[in-house]
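Structural features, examined
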Amino acid sequence: MAGSNNALPGFVNREQVIGMIGEALTQRTRPMKIFGLNASGAYAEKVAKHLNMDLTPHEEKTFEDGESYVRSVDGAIGNVRGHNVFVIQSLYSDAAEPVAEKFMKLCIMCGALKTASAHEVIAVVPYLAYARQDRKTESRAPITTKILAKMLQASGVDRVLMMDVHNLSAVQNAFDIRIDILEAKKILAQGCADNKKIKNAKKIRVLSPDKGGLERASFFRDALAKIMGREPEEIPVVIFDKLRKKGVVTSVTGSAGGTIIGDVEDAMVIGLDDMIATGGTMCKAGLAVPKHGGTLAALCATHGLFVGEANEQFHAIHCPIIVADTVAPYRLDKKNASKLQVVDTSPMMANAILRIHSGTGSIAELLD
Ligand code: R5P
């Protein structure tokens, strides 16, 4: 074809073809589109706004037999050929949809986009469900985190962007595709640092409600110390000796209030966990603080599910409950909602999306 004036099908002449290639070569990145599945629409809108973009419209419905159907819309607006596409869906159950339904819709949408010739399909999952089922805890138990990862991969997902998963190494090992895991520690720490009582406190402690959360608590402590202009060793981490018997959280000694390992006397104590489900873990740990001579200043967690007996549990708590917006906090009653402070993770999520899309900058930079 070199030297000829023949045009490729669909183009008027050779000059036009050359012009198009030149434009593609000078373009720094591919086009991108962001979809927000209905259940995560509000969060996705916030993310898109930070990127000065609109969500690409999509169709989402459930047939009479209960099967889900999800796809991008017709026409140029819904065309994803050659695009990097981001699909936002947080995986928690709510009144409208159980988590299984949300997960199925995410898989269907990602698969449909891949079939429609998207370049890369990135699942953006602010809250990853099933992350606590990350190992065999009894005979014949499933490792559901791994199964979920395989299902996403099989659907055509090229990459997953998440926030604060229950067990980092388990999730890293479950996926064969690239994953990025953001952390809300700086945002939660800022929420605490803005609190007058914490700001003015001489003695501060960070409380991990179990041994598994120790590393997370110490990273949070580092972030808090940095924001407050203090040395990390000025804010030691203490641990609640949690014991769960037949699903009920208790402590090793079983004494009233349970045992805290570490000194909290006369300290302002901040509880920190990856998630609150029934609230048993956080509330038991929090209630132990005054028994050890400290003051509970705040309870912080990235994902606030607030399921089961959560309302009853939190009625006994009288400090701010600080959670991120990865799960909509609609389950708390009025009394508990008045203690709730929701911090915004959408700017960080948008920033990460931009970095993944453009292939520039680093995700680690967002965590430091
Ligand atoms: C467990 O190890 C997690 O980090 C959380 O502490 C736990 O899953 C919270 O569950 P719940 O609120 O029901 O105690």
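Note that the coordinates shown come from a computational prediction; the quantities given were computed from them, not determined experimentally. (Residues numbered from 1 in each chain as written. Predicted model: local features only at pLDDT ≥ 70, side-chain atom pairs only at ≥ 80, totals over all residues. Heavy atoms only, no water.)

Attention now moves to the side chain of Ser40. Along the polypeptide, Ser40 turns up in the loop between β1 (32–36) and α2 (41–50). Under the relative-accessibility criterion, Ser40 is labelled buried at 4%. Setting aside its immediate chain neighbours within four residues, Ser40 contacts Ile88, Gln89 and Ser90. (Helix = DSSP H or I, 4+ residues; strand = E, 2+ residues; numbered from the N terminus. Buried < 20%, exposed > 50% of the residue type's maximum accessible area, 1.4 Å probe, protein only. Contact = heavy atoms within 4.5 Å.)

This part takes up the sheet that holds strand β6 (residues 159–163). Remark on secondary structure: sheet strands pair via backbone hydrogen bonds, oriented parallel or antiparallel. One open sheet holds the five strands; their spatial order is β1-β4-β5-β6-β7, and the pairing between them is parallel. Edge strands, defined here as strands with exactly one partner in the open sheet, are β1 and β7 (178–182). Each neighbouring strand pair of the sheet contributes to a mean axis angle of 15°, computed without reference to strand direction. Strand contacts of helix α12 (residues 346–358): β1, β4 (84–88), β5 (120–125), β6 and β7, with the helix running at about 160° to β6, the strand carrying the most contacts. (Pairing = 2+ DSSP bridges. Axes fitted to C-alpha atoms, helices over the stretch in contact; angles between N-to-C directions.)

So, on to the pattern of salt bridges. One pass over the structure, following the stated rule, counts 20 salt bridges. Residues Asp94 and Lys102 are paired through a salt bridge, measuring 2.9 Å at the closest nitrogen-oxygen approach. Note that Arg135 and Asp134 form a salt bridge whose closest N and O atoms lie 2.7 Å from each other. A cluster of three or more residues bridged by salt bridges with shared partners is formed by Glu59, Lys61, Arg71 and Asp74. (Salt bridge = Lys/Arg side-chain N within 4 Å of Asp/Glu carboxyl O.)

Moving on, we come to the packing of aromatic side chains. Considering all chains together, one arrives at two aromatic pairs under this definition. Each ring, one from Phe63 and one from Tyr69, has its centre 5.7 Å from the other, and the planes form 65°; the classification is edge-to-face. Looking at Phe63, the relative accessible area reads 34%, which means it is partly exposed. Overall, the relative accessible area of 32% leaves Tyr69 in the partly exposed class. For the ring pair Phe306 and Phe314, a centre distance of 5.5 Å and an interplane angle of 75° mean the geometry is edge-to-face. The exposure classification of Phe306 matches that of Phe314, with both residues buried. Here Lys61 stacks its cationic end above the ring of Tyr69, 5.0 Å away from the centre of that ring. Lys102 extends its terminal NZ or CZ atom over the ring of Tyr92, reaching a point 3.8 Å from the ring centre. (Phe/Tyr/Trp six-rings, centres within 6.5 Å; stacked < 30°, edge-to-face > 60°. Lys NZ or Arg CZ within 6 Å of the ring centre and 35° of its normal.)

With that out of the way, let us pick up the nonpolar core. Counting residues in each nonpolar core, the largest one holds 50 residues, and the members touching the most others are Leu182, Phe220, Leu224, Ile270 and Ile353. Setting aside chain neighbours within four positions, we find Leu224 in contact with Ala189, Cys192, Ala193, Ile204, Val206, Ile235 and Ile270. Counting residues in hydrophobic clusters, the runner-up holds 39 residues, among them Leu37, Val125, Leu148 and Val157. (Core = buried A, V, L, I, M, F, W, Y, C linked by side-chain atoms within 4.5 Å.)

Right, let's get into the sheet that holds strand β16 (residues 340–343). Taken in spatial order, the seven strands make up an open sheet running β12-β9-β8-β13-β14-β15-β16, and their pairing is mixed. Each of the sheet's edge strands pairs with one partner strand only, and the pair in question is β12 (260–261) and β16. For strand β14 (residues 295–304) and strand β15 (residues 321–324), the ladder comprises three bridges, and the chain directions are parallel. The residue bridging Leu299 from the neighbouring strand is Ile321, located in β15. Sheet strands in contact with helix α6 (residues 185–193) are β13 (268–276), β14, β15 and β16, and its direction is about 150° off that of β15. The strands that helix α8 (residues 214–228) touches are β8 (204–208), β9 (237–240), β13 and β14; relative to β8, the one it contacts most, it runs at about 155°.

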